[in-house]
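Listed below, chain by chain, are the residues.
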Amino acid sequence: MSGELGMSSRDRGLDDRHKVVIVGAGRVGSTTAYAALIGGLADHLVLVDQDHARAQGEAMDLVHGLPYLPPARVEAGDFAACADADLVVLTAGVARQAGDTRLDLSRRNLDLYREIVPAVMTHGFSGVFLIVANPVDLVTLAVHRLSGLEAARVIGTGTTLDTARLRSLLAQHFHIDARNVHAYVVGEHGETEVPVWSLARISNLPVADFARALGMSWSAEQERSFGEQVRKAGGEVIRRKGATHYAIALATVRIARTVLRDQRSILTVSAVQDGEQSIEGVALSLPCVLGRAGRINTIPLPLSPGERSDLDRSARVLREAYEEASGPP
């Protein structure tokens, strides 16, 4: 049994213009697949998981909903499916166990990707890697080094979710459409992430000016509070429901659509830096123009001195964390 489900694209008269392989069929991977199908992202979607039966079950469940979705081919497969994929989305990861430190988790997931990436590359994959698995910045750097692909073709979800959380919080605070909020979180996806308040805009106004126009107050203390809420948001969701998977799936599909359709959107993805903002040899998030070949350009930001210092610290922390996690236990 091949594991293929649903009518083939040949039967449907479609071309496999966008083939996406999702490695990891857990909550994040399966929710990403669901969001991708609803959005008509891919003509051919393959789920790969160490637990093949789980991948088959998720594929079956998705196929049963295809009559209500844009036509697509969905199947459970193995790493051979990556050979002609346009995009491989890496969501597989080892769950944190009781008593684990961040270093423990980092080491186990880096070890996991030392197996996964060669398994993908042995089939001649030449598309774009999109890393979702945490710690996303460390895994992004590892995938780049293990794959041998140019850095532009290896990107992580990075602070796209943190950026969305910041924009969402500001939109709620000011009672406006989140799509009118333009603000970035850069650096690490984690404790040292940097909200770029100096460049944050709402309707082309600095946040403080926008607040003043509405007769509302705004202060440096509120900025610190919002930044802390963004940093803690994932933990708060996990504390209440055990996992985060909806928002990160939507962020992943947004990045994937930008890449597959060559939209040239600017998103804060994690990528290996080669002198951008004077940072080298580490993967972290900065606003990047994305297209069919992955990262096209990184946008230089005129950061304030404090933000510049915070970004340097974030890079330093990530560099040290990678070296520690990659070394002997």
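What counts as what
Numbering of residues starts from 1 in every chain and runs along the sequence as written. Reporting of local features is limited, given that this is a predicted model, to residues whose pLDDT is at least 70; pairs of side-chain atoms are given and counted only at 80 or more, and all residues count toward the totals for whole chains, interfaces and linings. Water and hydrogen atoms play no part in the side-chain values, which are based on all heavy atoms of the structure. Pairing of aromatic rings covers Phe, Tyr and the six-membered ring of Trp, with a centre-to-centre limit of 6.5 Å; geometry is then stacked below 30 degrees between planes, edge-to-face above 60, and tilted otherwise. Numbering of helices and strands runs from the N terminus, with a helix taken as a DSSP run of H or I at least four residues long and a strand as a DSSP run of E at least two residues long. Each residue is placed in one exposure class: buried if its accessible area under a 1.4 Å probe, protein chains only, is under 20% of its type's maximum, exposed if it is over 50%, and partly exposed if it falls in between. As used in this record, nonpolar core signifies buried Ala, Val, Leu, Ile, Met, Phe, Trp, Tyr and Cys residues forming a set joined through side-chain atoms within 4.5 Å. Note on definitions: a residue-residue contact is assigned when non-hydrogen atoms from the two residues lie within 4.5 Å. In this analysis, axes come from line fits to C-alpha atoms, helices being fitted only over the stretch in contact, and the angle between any two N-to-C directions falls in the range 0 to 180 degrees. These descriptions rest on fixed angle ranges, namely under 35 degrees for roughly parallel, over 145 for roughly antiparallel, 65 to 115 for roughly perpendicular, and the rest for oblique. With the far helix as reference, a near helix turned anticlockwise by less than a right angle produces a left-handed crossing, and one turned clockwise produces a right-handed crossing. Throughout this entry, Asp, Glu, Lys and Arg are counted as charged residues, while Ala, Val, Leu, Ile, Met, Phe, Trp, Tyr, Cys and Pro are counted as nonpolar. The remaining residues, Gly among them, count as polar. The pairing criterion is simple: DSSP has to find at least two bridges between the two strands. Here, a salt bridge means any side-chain nitrogen of Lys or Arg that lies within 4 Å of a carboxyl oxygen of Asp or Glu.

**Digging into the packing of aromatic side chains**
As enumerated under the stated definition, the model contains 5 aromatic pairs in all. Considering the side-chain rings of Phe-174 and Trp-218, the 5.8 Å spacing of their centres and the 40 degrees angle between planes classify their relative orientation as tilted. You can see Phe-174 sitting in helix α6 (residues 160-174) and its partner Trp-218 sitting in the loop between α7 (207-213) and α8 (220-241), a full 44 residues away along the chain. A residue is classified by how much of its surface remains accessible, and Trp-218, at 15% relative accessible area, is buried. Here the aromatic rings of Trp-197 and Trp-218 are separated by 5.8 Å at their centres, their planes lie at 55 degrees, and the arrangement is tilted. Linking Trp-197 in the loop between β10 (194-195) and β11 (201-202) with Trp-218 in the loop between α7 and α8, this pair joins segments that are 21 residues apart in sequence. The exposure class assigned to Trp-197 is buried, which follows from its relative accessible area of 14%. Every member of this aromatic cluster is reached through a ring pair, and the members are Phe-174, Trp-197, Phe-210, Trp-218 and Phe-226.

**Focus on the nonpolar core**
The biggest cluster of nonpolar side chains holds 45 residues, and the ones touching the most others in it are Val-21, Val-88, Leu-90, Tyr-113, Phe-129 and Val-143. Among the elements of the structure, β2 (19-23), β3 (44-48), β5 (87-90), α4 (102-121), β6 (128-131), α5 (136-147), β14 (280-291) and α10 (305-326) are those that each provide at least two residues to this core. Discounting chain neighbours no more than four positions away, the residues touching Tyr-113 are Leu-90, Thr-91, Ala-92, Pro-118, Ala-133, Val-139, Val-143 and Leu-146. Counting 37 residues, the second largest nonpolar core, distinct from the first, contains Ile-22, Ala-55, Ala-76 and Leu-290.

**Details of the packing of α4 against α10**
For the pair α4 and α10, interaxial distance at closest approach is 9 Å and the crossing angle is 70 degrees. If you check the angle between α4 and α10, you find them roughly perpendicular. Pair α4 / α10 crosses with right-handed handedness. Residues Leu-103, Ser-106, Arg-107, Leu-110 and Arg-114 of α4 form the contact with α10, whose own contacting residues are Tyr-322, Glu-324, Ala-325 and Ser-326. For the contact of α4 with α10, a count of residues per class yields 4 nonpolar, 2 polar and 3 charged.

**So, the packing of α5 against α10**
One way to put it is that α5 packs onto α10 with a least axis distance of 10 Å and a crossing angle of 60 degrees. The orientation of α5 relative to α10 falls into the category oblique. In this structure, the crossing between α5 and α10 has a hand that is right-handed. When α5 is examined against α10, the residues Asp-137, Leu-138, Leu-141, Ala-142 and Arg-145 are found in contact with a partner set consisting of Leu-318, Ala-321 and Tyr-322. Here the contact of α5 with α10 is built from residues that sort into 6 nonpolar, no polar and 2 charged.

**Focus on the sheet that holds strand β12 (residues 205-206)**
An order of β8-β11-β12 is seen for the 3 strands of this open sheet, with the pairing classed as antiparallel. The strands lining the two open edges of the sheet, one partner per strand, are β8 (181-182) and β12.

**A closer look at the pattern of salt bridges**
A side chain of one charge can pair with a side chain of the opposite charge when the charged atoms of the two come close. The tally for this structure, following the rule as stated, stands at 16 salt bridges. Arg-231 is paired through a salt bridge with Glu-228; the nearest N and O atoms lie 3.2 Å apart. With Arg-231 and Glu-228 both in helix α8 and 3 residues apart, the pair spans about one turn of that helix. According to the relative accessible area criterion, Arg-231 is partly exposed, its value standing at 26%. We note a salt bridge from Glu-276 to Arg-295, for which the minimum N-O separation is 3.7 Å. One end of the pair, Glu-276, is in the loop between β13 (266-274) and β14; the other, Arg-295, is in strand β15 (residues 294-298), with 19 residues separating them in the sequence.

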